Amino acid sequence: MKHEKLRKNSEFHLVYRRGRSFANNLLVLYVFKNRKNHINGVPFNRIGISVSKKVGKSVVRSRVKRLISESYRLNKDRYQEGYDFIIIARVSSHDKSYSEIEKALIHVFKKAGLVNDEKNTVKIN
């Protein structure tokens, strides 16, 4: 949704300055706990994806962005809410498959301690 994206340069700079970073060989994750990320008392996450020109030409950069955003979309229910995330693709991510990007994304979120434990989660039907 529109309110779940970081778009402005000032929003990116706030996360870079005040957030924490976690990395692996494919991705870098910046995390900032944002108390303003609530609509009617329900917390949500905002995400920004950055892919440098060093990764490749525009077709490659767009592909990497799509892979990252799709793997985040399919797994966002597993992550804690109320945060701003910036995901930066490293140069080594230019020729990776979807499954490799997804593994790297989940790994970096686990490294940050933001993955909800499936054992303690209660699913309401």
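Predicted model only: the values in this text are computed from it and were never measured.

K.L.:
Can you help me understand the sheet that holds strand 5 (residues 46–51) in this one?
P.N.:
To summarise the sheet geometry, strands pair through backbone hydrogen bonds and adopt either a parallel or an antiparallel arrangement. Ordered in space as 1-2-6-5, the four strands form an open sheet in which the pairing is mixed. The sheet is open, and its two borders are formed by strand 1 (20–23) and strand 5, each paired with just one other strand. On average, adjacent strands in this sheet sit at an angle of 20° to one another, irrespective of strand direction. One ladder, built from four bridges, connects strand 1 with strand 2 (residues 27–33); its direction is antiparallel. The residue of strand 2 that forms the bridge with Arg 20 is Val 31. Docked against the sheet, helix 2 (residues 58–75) engages strand 2, strand 5 and strand 6 (83–89), running at close to 155° with respect to strand 5.

K.L.:
Can you help me understand the packing of aromatic side chains in this one?
P.N.:
Each aromatic ring pair is described using two quantities: the centre-to-centre distance and the angle formed by the ring planes. Following the criterion strictly, the structure yields eight aromatic pairs and no others. With centroids separated by 5.8 Å and ring planes inclined at 25°, the aromatic side chains of Tyr 72 and Tyr 79 adopt a geometry described as stacked. Of the residues examined, Tyr 72 reaches a relative accessible area of 8% and is grouped as buried. Joined through ring pairs, the aromatic side chains of Tyr 72, Tyr 79, Tyr 83, Phe 85 and Phe 109 make up one cluster. The aromatic ring of Tyr 83 is capped on one face by Lys 33, whose charged end is 4.8 Å from the ring centroid.

K.L.:
Is there a simple way to explain the side chain of Glu 11 in this structure?
P.N.:
Looking at the element boundaries, Glu 11 is found in helix 1 (residues 9–18). Among the polar contacts made by the side chain of Glu 11, one reaches the main-chain amide nitrogen of Arg 7 at a distance of 3.0 Å. Setting aside chain neighbours within four positions, we find Glu 11 in contact with Lys 5, Leu 6 and Arg 46.

K.L.:
How should helix 3 (residues 98–112) be read in this particular structure?
P.N.:
An α-helix turns once per 3.6 residues; consequently, residues spaced three or four apart project the same way. When the terminal C-alpha atoms of helix 3 are compared, their 21 Å separation across 15 residues agrees well with the 21 Å that a helix rising 1.5 Å per residue should span. All of the buried residues along helix 3 are Ile 101, Ala 104, Leu 105, Ile 106, Val 108, Phe 109 and Ala 112. Elements that come into contact with the buried residues of helix 3 comprise strand 1, strand 2, helix 2 and strand 6.

K.L.:
Sorry, what's going on with the packing of helix 2 against helix 3 here?
P.N.:
At a minimum axis separation of 9 Å, helix 2 and helix 3 run at an interaxial angle of 60°. In terms of orientation, helix 2 lies oblique with respect to helix 3. The element helix 2 and its partner helix 3 pack so that their crossing is right-handed. For the pair helix 2 and helix 3, contact is made by Leu 67, Ile 68, Glu 70, Ser 71, Tyr 72, Leu 74 and Asn 75 and by Tyr 98, Ile 101, Glu 102, Leu 105, Ile 106 and Phe 109, respectively. Taken together, the residues that form the contact of helix 2 with helix 3 break down as nine nonpolar, two polar and two charged.

How each quantity is defined
- Residues numbered from 1 in each chain as written.
- Predicted model: local features only at pLDDT ≥ 70, side-chain atom pairs only at ≥ 80, totals over all residues.
- Heavy atoms only, no water.
- Pairing = 2+ DSSP bridges.
- Helix = DSSP H or I, 4+ residues; strand = E, 2+ residues; numbered from the N terminus.
- Axes fitted to C-alpha atoms, helices over the stretch in contact; angles between N-to-C directions.
- Contact = heavy atoms within 4.5 Å.
- Phe/Tyr/Trp six-rings, centres within 6.5 Å; stacked < 30°, edge-to-face > 60°.
- Buried < 20%, exposed > 50% of the residue type's maximum accessible area, 1.4 Å probe, protein only.
- Lys NZ or Arg CZ within 6 Å of the ring centre and 35° of its normal.
- Polar contact = N/O pair within 3.5 Å; in protein donor to acceptor, adjacent residues only side chain to side chain.
- Expected span 1.5 Å × (residues − 1).
- Parallel < 35°, antiparallel > 145°, perpendicular 65-115°, else oblique.
- Left-handed = near helix turned anticlockwise from the far one by under 90°.
- Nonpolar A, V, L, I, M, F, W, Y, C, P; charged D, E, K, R; others polar.

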